[in-house]
Amino acid sequence: MADMQELVQRLERAVSRLEVLSAESRRPPGDCGEVNGVIRGVAPSVEAFDKLMNGMVAEFLNNSRILAGDVETHEYQEDRNDLVISETELKQVAYIFKCDKSTLQIKGKVNSITIDNCKKFGLVFDNVVGIVEVINSKDIQIQVMGRVPTISINKTEGCHIYLSEDALDCEIVSAKSSEMNILIPQDDDYREFPVPEQFKTAWDGSKLVTEPAEIMA
């Protein structure tokens, strides 16, 4: 992790130098000296960019894959109900961003899944070894076919989670969200249980105790 932080800092410094080169390239031709190790010519910023992409950026992307696994991304899909990720690996991370009125099926076992800024989106997956996260989304339906240890819901309006028999020990963590329901398999059907949105906290003499608030008619 320390190596990654050092690499990010090197990238930031390189980008700053690239910005200087870009400004230099817009100057009238004349002085063809050297700027930050790159000889000024017809397009010094292009040359600097190529060096950056072939050097530190390539190293950064390679290290990112080693640390976080391969990322399978679906972005800006709309009115698609045929999205499928069928070839998966244990290290793989799935990231779904700004998909609308669509459904994605993930087969096999992956490391984690993130649903970010999606609306009316459905996810069906087999197994996740880490976490499934839902962030800044609305009207999400998730069906677990196998197992998942944790599902996190954050800043989301409307989230229905269908658990399998093997996923009944899944922990649901929620914050700043509403209209959340967990559906438990029962007699070849599902029974729906709402996730509390309001809580009450009281002092018991030694510590604060928080529990779901009863809805008053």
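Calculation notes
Residues numbered from 1 in each chain as written. Predicted model: local features only at pLDDT ≥ 70, side-chain atom pairs only at ≥ 80, totals over all residues. Heavy atoms only, no water. Pairing = 2+ DSSP bridges. Helix = DSSP H or I, 4+ residues; strand = E, 2+ residues; numbered from the N terminus. Axes fitted to C-alpha atoms, helices over the stretch in contact; angles between N-to-C directions. Salt bridge = Lys/Arg side-chain N within 4 Å of Asp/Glu carboxyl O. Buried < 20%, exposed > 50% of the residue type's maximum accessible area, 1.4 Å probe, protein only. Polar contact = N/O pair within 3.5 Å; in protein donor to acceptor, adjacent residues only side chain to side chain. Contact = heavy atoms within 4.5 Å. pLDDT = per-residue confidence, 0-100. Patch = residues over 30% accessible without salt bridge, like charges linked within 9 Å, V, L, I, M, F, W, Y side chains within 5 Å. Areas by Shrake-Rupley, 256 points an atom, 1.4 Å probe, with all protein chains shown as cover. Lys, Arg positive; Asp, Glu negative; His and termini not counted. Charge placed at Lys NZ, Arg CZ, Asp CG, Glu CD. Core = buried A, V, L, I, M, F, W, Y, C linked by side-chain atoms within 4.5 Å. Phe/Tyr/Trp six-rings, centres within 6.5 Å; stacked < 30°, edge-to-face > 60°.

A. Layout of the sheet that holds strand β8 (residues 119-128). Pairing within the open sheet is mixed, and its seven strands lie in the order β4-β6-β8-β10-β12-β14-β15. Looking along the sheet, the strands with just one partner apiece sit at the ends: β4 (83-85) and β15 (189-194). Averaged over all adjacent pairs, the angle separating strand axes in this sheet is 15°, with direction ignored.

B. Representation of the pattern of salt bridges. What the rule picks out here adds up to four salt bridges. The partner of lysine 200 in a salt bridge is glutamate 211, and the shortest N-O contact between them spans 3.6 Å. With a gap of eleven residues between them, lysine 200 in strand β16 (residues 199-203) and glutamate 211 in strand β17 (residues 208-212) connect regions that are remote in the sequence. With a shortest N-O distance of 3.1 Å, aspartate 204 and lysine 207 are connected by a salt bridge. For aspartate 204, a relative accessible area of 42% gives the class partly exposed. Residue class for lysine 207 comes out partly exposed when judged on its relative accessible area of 47%.

C. The arrangement of the side chain of serine 177 in detail. Mapped onto the elements of the fold, serine 177 is located in the loop between β13 (171-175) and β14 (178-186). Overall, the relative accessible area of 11% leaves serine 177 in the buried class. Polar side-chain contacts of serine 177 include one of 3.1 Å to the backbone nitrogen of threonine 156. For serine 177, the side chain forms a polar contact with the main-chain oxygen of alanine 175, separated by 3.0 Å. Once residues lying within four places of it in the same chain are set aside, the contact partners of serine 177 are Ile153, Asn154, Lys155, Thr156 and Glu197.

D. Expanded view of the confidence of the model for the chain. In this model, the chain carries a mean pLDDT of 80, and residues with pLDDT of at least 70 account for 66%. Low pLDDT, under 50, characterises residues 35-39; the predicted model gives this stretch 17 contacts beyond four residues in sequence or across chains. Overall, residues 63-68 carries pLDDT values under 50, and its contacts beyond four positions in sequence, including any with other chains, amount to eight contacts.

E. Inspection of unusual backbone geometry at higher detail. Phi is positive for lysine 155, close to 50°, though the residue is something other than glycine. Its location among the elements puts lysine 155 in the loop between β11 (150-154) and β12 (157-162). Of note, lysine 176 is a non-glycine position whose phi angle comes to about 55°, a positive value. Locating lysine 176 in the fold gives a position in the loop between β13 and β14. Classification of lysine 176 as exposed rests on a relative accessible area of 69%.

F. Structural view of a positive patch on the surface. On the surface, Lys98, Lys101, Lys119, Lys120 and Lys138 cluster together to form a positively charged patch. Looking at the element boundaries, lysine 101 is found in strand β6 (residues 100-110). Residue classification places lysine 101 among the partly exposed positions, given a relative accessible area of 39%.

G. How the structure looks around the nonpolar core. Counting residues in each nonpolar core, the largest one holds 31 residues, and the members touching the most others are Ile113, Phe125 and Ile142. By residue number, the principal contributor to this core is β8, which donates four residues. Sequence-distant contacts of phenylalanine 125, defined by excluding residues within four places in its chain, comprise Ile106, Ile113, Val132, Ile142, Gln143, Val144, Met145, Gly146, Arg147 and Val148.

H. Inspection of the packing of aromatic side chains at higher detail. Overall, the coordinates contain three aromatic pairs when judged by the stated rule. Between tyrosine 76 and phenylalanine 97, the ring centres sit 5.7 Å apart and the planes meet at 90°, which makes this aromatic pair edge-to-face. Here phenylalanine 97 lies in strand β5 (residues 93-97) and tyrosine 76 lies in the loop between β3 (71-75) and β4, a separation of 21 residues in the sequence. Geometrically, the ring pair formed by tyrosine 162 and tyrosine 190 is edge-to-face, given 5.1 Å between the ring centres and 90° between the ring planes. Of this pair, tyrosine 162 sits in strand β12 while tyrosine 190 is found in strand β15, placing the two residues 28 residues apart along the sequence. Residue tyrosine 162 is classed as partly exposed on the basis of its relative accessible area, which comes to 21%. Taken together through their ring pairs, the aromatic side chains of Tyr76, Tyr95 and Phe97 make up a single cluster.

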